[in-house]
Amino acid sequence: MGGVLQGKVALVTGAARGQGRSHAVRLAEEGADVIAVDICDQIPSVEIPMATKDDLDETVRQVEALGRRIVATVADVRDGVGLHDVVRHGAAELGGLDVVCANAGVYALTLDEPADAAGRRTFWQDTIDVNLTGVWNTVEAAAPIMIEAGRGGAIVLTASTAASKSAANQSLAMNAYTAAKHGVVGLMRNYAVDLAPHMIRVNSVHPTGVHTPMVENAVVERYMAQNAGFAKLVQNSLPVGAVDPVDISNAIVYLASDAGRYVTGVQLPVDAGFLVK
């Protein structure tokens, strides 16, 4: 029996693990074939361990186990030209492009932020380049293909509760992360208007903390232990510490499917009540 995305092709960036893998698998469960992209490498300024090629291979295995096709490529969303080629190749291989999940992101939280000006600029720029410019690169690579096909579609940008509320804690990492995620909302609003004549809907999802390797790791644990104020800052209203990746994926399925066919320009929180505090 077909799912609500039967016959669709979906692009997922940051697909090797965490939310990205969950999105790829959940979309495949609903019948979509998948173009999966991940850097599978460590950005030097990011202390939290990033995904590997083995992680991406596991995403491939899980999607194929559902009987769906997947084109998985190691690529960096910061490289707009390279990403354009990867997306166009995947769309040609799978027969088009209908759904885009611009999910790739980094969280450069660290106990030892650089003190020198050059180091701070690099730290800042890497976060902006992945979390904001990478989203722009993804849409710029995907939208022309969707427009050419003339069959509409849905683009979902991964933002954060940090895109809707201050996450200030005197941290360069949080300043960069918050600025990038606020920028994602601006992109979403502009693209929602620009792409509407083509029946391409653009929305953003805003997760609270999610049970993923980007959040649950030794770096974040040490930071929380040494910054009690920050731990309080990220508490949800509902009595849960974090949500599951599939909770975000289910929101994306709604936004990508006909159930959300007239929903565009919307910030959709999946946040256990974080933003209403």
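Enquirer: Let's hear about the packing of aromatic side chains: which residues, and what values?
Expert: Under the criterion given, the structure shown has one aromatic pair. The side chain of Lys 165 reaches across the aromatic face of Phe 274, ending 4.9 Å from its centre.

Enquirer: Which residues make up the packing of helix α4 (residues 117-149) against helix α5 (residues 172-195), and what values do they have?
Expert: Contact geometry for α4 and α5: axes closest at 9 Å, N-to-C directions at 15 degrees. Considered as vectors, α4 and α5 are oriented roughly parallel to each other. Of the two possible hands of crossing, α4 and α5 adopt the one that is right-handed.

Enquirer: With reference to specific residues and values, describe the pairing of strand β5 (residues 153-158).
Expert: Judged by how many residues are buried, β5 sits mostly within the fold: six of six residues are covered. In β5, alternate side chains face the same way, and those of Gly 153, Ile 155 and Leu 157 on one face and Ala 154, Val 156 and Thr 158 on the other are all buried. In this region the chain leaves strand β4 (residues 99-102), passes through α4 and returns to the parallel neighbour β5; the handedness of that crossover is right-handed. Pairing of β5 with strand β6 (residues 200-207), which is carried by six bridges, proceeds in the parallel orientation. Its bridge partner lying in β6, Ile 155 is registered against Val 202.

Enquirer: So what's going on with helix α8 (residues 245-256)? Residues and values would help.
Expert: In this model α8 runs 17 Å from its N-terminal to its C-terminal C-alpha over 12 residues, within 8% of the 16 Å that 1.5 Å per residue would give. Pro 245, Ile 248, Ser 249, Ala 251, Ile 252, Val 253, Leu 255 and Ala 256 are the residues of α8 that are buried.

Enquirer: Go over the sheet that holds strand β2 (residues 33-38) with me, naming the residues and quoting the values.
Expert: Strand order in the open sheet formed by seven strands is β3-β2-β1-β4-β5-β6-β7, and the pairing between neighbours is parallel. Each edge of the sheet is formed by a strand with only one pairing partner; in this case those strands are β3 (70-74) and β7 (267-270). Strand after strand, the sheet turns through a mean of 15 degrees between neighbouring axes, direction not considered. Alignment of strand β1 (residues 9-13) against β4, held across three bridges, turns out to be parallel. By the bridge assignment for β4, Ala 10 is matched with Val 99. On the sheet, helix α1 (residues 18-29) packs against β1, β2, β4, β5 and β6 and is oriented at approximately 170 degrees with respect to β1. Together, β2 and β3 form the strand contacts of helix α2 (residues 53-65), whose direction differs from that of β3 by roughly 175 degrees.

Conventions and cut-offs
- Residues numbered from 1 in each chain as written.
- Predicted model: local features only at pLDDT ≥ 70, side-chain atom pairs only at ≥ 80, totals over all residues.
- Heavy atoms only, no water.
- Phe/Tyr/Trp six-rings, centres within 6.5 Å; stacked < 30°, edge-to-face > 60°.
- Lys NZ or Arg CZ within 6 Å of the ring centre and 35° of its normal.
- Axes fitted to C-alpha atoms, helices over the stretch in contact; angles between N-to-C directions.
- Helix = DSSP H or I, 4+ residues; strand = E, 2+ residues; numbered from the N terminus.
- Parallel < 35°, antiparallel > 145°, perpendicular 65-115°, else oblique.
- Left-handed = near helix turned anticlockwise from the far one by under 90°.
- Buried < 20%, exposed > 50% of the residue type's maximum accessible area, 1.4 Å probe, protein only.
- Right-handed = clockwise from strand over helix to strand, strands pointing away.
- Pairing = 2+ DSSP bridges.
- Expected span 1.5 Å × (residues − 1).
- Contact = heavy atoms within 4.5 Å.

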